[in-house]
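Examination of the molecular architecture
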Amino acid sequence: MIRTGAQYRDSIRGNREVYLDGEPVGDVTTHPMFKPMVDVRARIYDMQHQAAHRDVMTVTHQGETNAIGSALPFTQADWWAKRRATDHVMEEVGGVVTRVGDETVGEMWSLYDGQDVLNQVDPQFSKNIETHVLRVLKQDPFHVSANTDPKGDRSRAPQDQDPDMLLHVVKETDKGIIVRGAKFETAAAYANQAFTKPTIANWGSDSLSNYAVGFICDLTSPGLKFICRSGFARGASGYQGADSRDYPLANRFDEVEALVIFDSVLIPWENVLFYRHTKAATFIRATLHRYSAFAFVQRTLKLADMMIGAALFNCQQTGLEKQQAVQEKLATLAVWRENINAHLTAAVTLAERSPAGLLMPNQSLLYAGRCTALHQLNEMTHIARELCGGQLCVTPNVATFESPHTKPWMDKYYTLNDDWLAEDRRKLLALARDMLNSDYGTHRLTFQLFAQSPPFAQLAAVYRNFDFDGPLDFVKKAAGLSDSLRPDKQRPQGDGAVNQWFADRDATSQAAQ
């Protein structure tokens, strides 16, 4: 099924304990700090029903219509449909939004691939993950991910400090487990459920740990408290007393994070996906992003488009786009953008069959693409800022452009010709400033870098998934090294991508015959 925006709003209204700036929030659907993103998520739900969007946003199977983002991927066409839907949403809302459900749902598919591991722990856990994967598909909740703990002193084991620094189980009951601790999560205050799991595996050599727990958390559960960071939006419904037109991105797309307190929260057994067994927890940490990284990296691709567009418009308005130095910087942004595009495209073209029979993007290419996108983000942001120029930090606000006392001067000095009028220049500079220079812009820079994992963990994922056998075999042959250094593994000779493409082609041809 697919929900409507009204059904989504009803599902999150008045049923949770939310705090912002230390004050309780009565209704997240109307509070000016949450309403913009609630409206975006509701808009996505409504798009699924509208004739202009439904073919892109939904998939129909056996007479049932479901959200394309929640549909399990089995073919390359499925991944292209997901990529198209994500791009369509961002084009429709006019900005980049990350935690709206389609990215985080992929993390459950990773655990779906680990059912053999779960069966070793308890076959019921394997059944639970299958149930929840299908439930997300059929009930269309707003599903997010709860990963990051407060952590505390990382040089000490969790049991050697305040135990609540890491989420853990404190009691078992007939109904389920009781958990305490906290998690940081984007969008939790206005989502329906969260896949909650450990963020770090610091249980040493222990095979069992009360900190090794993963579950689906109903975000209306008693005992949950959402302590939200202050928002960056200004001027939304009069909040903070500024004009929203000065911060056009922050006022529409600030995805508010919350410290989610688990104050002795009951998690029903049917929602527990693994418990105590560190092997299961280690598996999910190692494979967590094998699907979700695709949607996450795609957001950086769209951010690259916004940066390129803002930079180029700023160069065009001042007549600098024909200068070689400017073109070189624009080309550098374009190369970064196309590298991200190439990794996403190749990851689908050379996609791999998962243990559960799903089609997962080529892991080495996907994780390398994530590093390409995120490790160069800071440098690319600086280049875009350079191209936009110093006007980002000196241009007055919209009130100055509209005041009868100052408007004539703003029109005089910000109008360039019949095409570039003062109001268009103000709008462009306001967007670029909010994207590159504002509290919101710099927050997003850090969010992109750490939202899935810190940089060293991103590189570790590449290390685990890159095929080192090819380079080793090539050097062994080129140098004439002996078999004692590297026994013959009987792997196909040559480029792994070429070998995989022809192997897939031959398998498809044989299946057709």
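Residues numbered from 1 in each chain as written. Predicted model: local features only at pLDDT ≥ 70, side-chain atom pairs only at ≥ 80, totals over all residues. Heavy atoms only, no water.

A word on the overall build of the chain. When its secondary structure is counted, the chain shows 21 helices and 14 strands. Its C-alpha atoms give the chain a radius of gyration of 25 Å, within 12% of the compact-globule value 24 Å for 513 residues. Looking at the chain as a whole, 51% of its 513 residues qualify as buried. A sequence separation of at least 24 residues applies to 75% of the contacts in the chain between residues at least 6 apart. Carbon together with sulfur atoms contributes 54% to the accessible area of the chain, which is approximately 23,000 Å² in total. For the chain, the centre of its 54 positive side-chain charges and the centre of its 61 negative side-chain charges are spaced 0 Å apart. (Helix = DSSP H or I, 4+ residues; strand = E, 2+ residues; numbered from the N terminus. Rg over C-alpha atoms; globule rule 2.2 N^0.38 Å. Buried < 20%, exposed > 50% of the residue type's maximum accessible area, 1.4 Å probe, protein only. Contact = heavy atoms within 4.5 Å. Areas by Shrake-Rupley, 256 points an atom, 1.4 Å probe, with all protein chains shown as cover. Lys, Arg positive; Asp, Glu negative; His and termini not counted. Charge placed at Lys NZ, Arg CZ, Asp CG, Glu CD.)

All right, on to the pattern of salt bridges then. All chains considered together, the criterion is met by 33 salt bridges. Among the ionic pairs, Lys-35 bridges to Asp-39, the shortest N-O distance being 2.6 Å. On the criterion of helical spacing, the pair formed by Lys-35 and Asp-39 is a turn pair, its members being four residues apart in helix α2 (residues 35–47). When its relative accessible area of 34% is taken as the criterion, Lys-35 is described as partly exposed. Asp-39 sits in the partly exposed class, given a relative accessible area of 24%. Connected via shared salt-bridge partners are Asp-467, Asp-469, Asp-473, Arg-486 and Arg-491. (Salt bridge = Lys/Arg side-chain N within 4 Å of Asp/Glu carboxyl O.)

This part takes up the packing of helix α4 (residues 76–93) against helix α11 (residues 324–349). Running from N to C, α4 and α11 cross one another at 150°; their axes reach a closest spacing of 9 Å. When the interaxial angle is binned, α4 and α11 end up roughly antiparallel. Residues Gln-76, Trp-79, Trp-80 and Arg-83 of α4 lie in contact with α11, whose contacting residues are Asn-341, Leu-344, Thr-345, Val-348 and Thr-349. Looking at the contact of α4 with α11 residue by residue, the classes come out as four nonpolar, four polar and one charged. (Axes fitted to C-alpha atoms, helices over the stretch in contact; angles between N-to-C directions. Parallel < 35°, antiparallel > 145°, perpendicular 65-115°, else oblique. Nonpolar A, V, L, I, M, F, W, Y, C, P; charged D, E, K, R; others polar.)

This part is about the nonpolar core. In terms of nonpolar packing, the biggest core is built from 131 residues, with Phe-34, Tyr-190 and Met-307 touching the most fellow members. A total of 13 residues in this core trace back to one element, the largest contributor, which is helix α10 (residues 292–317). The residues contacting Tyr-190, other than those within four sequence positions of it, are Tyr-8, Ile-12, Arg-16, Val-28, Phe-34, Met-37, Val-38, Phe-142, Glu-255 and Val-256. (Core = buried A, V, L, I, M, F, W, Y, C linked by side-chain atoms within 4.5 Å.)

Another point: a nonpolar patch on the surface. Among the surface-exposed residues, Tyr-463, Phe-466, Phe-468 and Leu-472 lie close enough to one another that they form a single nonpolar patch of about 420 Å² accessible area. Inspection of the secondary structure assignment puts Phe-468 in the loop between α19 (455–465) and α20 (469–479). Given a relative accessible area of 38%, Phe-468 falls into the partly exposed group. (Patch = residues over 30% accessible without salt bridge, like charges linked within 9 Å, V, L, I, M, F, W, Y side chains within 5 Å.)

As a further point, take the packing of aromatic side chains. Applying the stated criterion across every chain yields a total of 14 aromatic pairs. For the ring pair Trp-269 and Tyr-275, a centre distance of 6.3 Å and an interplane angle of 50° mean the geometry is tilted. What makes Trp-269 partly exposed here is its relative accessible area of 26%. Arranged with centres 5.3 Å apart and planes meeting at 50°, the rings of Tyr-463 and Phe-468 form a pair that is tilted. (Phe/Tyr/Trp six-rings, centres within 6.5 Å; stacked < 30°, edge-to-face > 60°.)

Next up on the list: the layout of surface pockets. Reported here for the largest pocket is a volume of approximately 920 Å³. In terms of lining, the largest pocket is formed by 34 residues, of which the most central are Thr-148, Phe-450, Gln-452, Ser-453 and Pro-454. The set of elements that each furnish at least two residues to the lining of the largest pocket consists of β7 (176–186), α9 (278–287), α12 (363–375), α18 (439–450) and α19. By residue class, the composition of the lining of the largest pocket is 14 nonpolar, 12 polar and eight charged. The volume enclosed by the second largest pocket comes to roughly 800 Å³. Lining of the second largest pocket is provided by 30 residues; of these, Asp-467, Gly-470, Arg-491, Gly-494 and Gly-496 occupy positions nearest its centre. If you list the elements that add at least two residues to the lining of the second largest pocket, you get α12, α20 and α21 (496–512). The element that contributes the greatest number of residues to the lining of the second largest pocket is α20, accounting for six residues. Grouping the amino acids of the lining of the second largest pocket by side-chain chemistry returns eight nonpolar, 11 polar and 11 charged. (1 Å grid on protein atoms, 1.4 Å probe; cavity = no way out; pocket = protein on both sides within 12 Å on 5 of 7 lines; lining within 4 Å. Points joined across faces, edges and corners; volume = space filled by probe spheres on them.)

Judged by pairing direction, the sheet is mixed, and its four strands sit side by side in the order β5-β8-β9-β12 without closing on themselves. The two strands at the open ends of the sheet, each matched to only one other strand, are β5 (143–146) and β12 (272–277). Neighbour to neighbour, the strand axes of the sheet diverge by 20° on average, direction disregarded. Looking at chain direction, β5 and strand β8 (residues 193–196) are connected through four bridges and run parallel. (Pairing = 2+ DSSP bridges.)

A few words now on the sheet that holds strand β1 (residues 17–20). Spatially, β2-β1-β10-β11-β7-β6 is the arrangement adopted by the six strands of the open sheet, whose pairing is mixed. Only two strands of the sheet have a single partner each, and these edge strands are β2 (23–25) and β6 (168–172). Taken pair by pair, the neighbouring strands of this sheet meet at an average axis angle of 20°, ignoring direction.

Attention now moves to the side chain of Thr-381. Within the secondary structure layout, Thr-381 lies in helix α13 (residues 377–388). At 2.8 Å, the side chain of Thr-381 forms a polar contact with the backbone oxygen of Leu-377. When residues no more than four places from it in sequence are discounted, the contact partners of Thr-381 are Met-307, Leu-436 and Leu-445. (Polar contact = N/O pair within 3.5 Å; in protein donor to acceptor, adjacent residues only side chain to side chain.)

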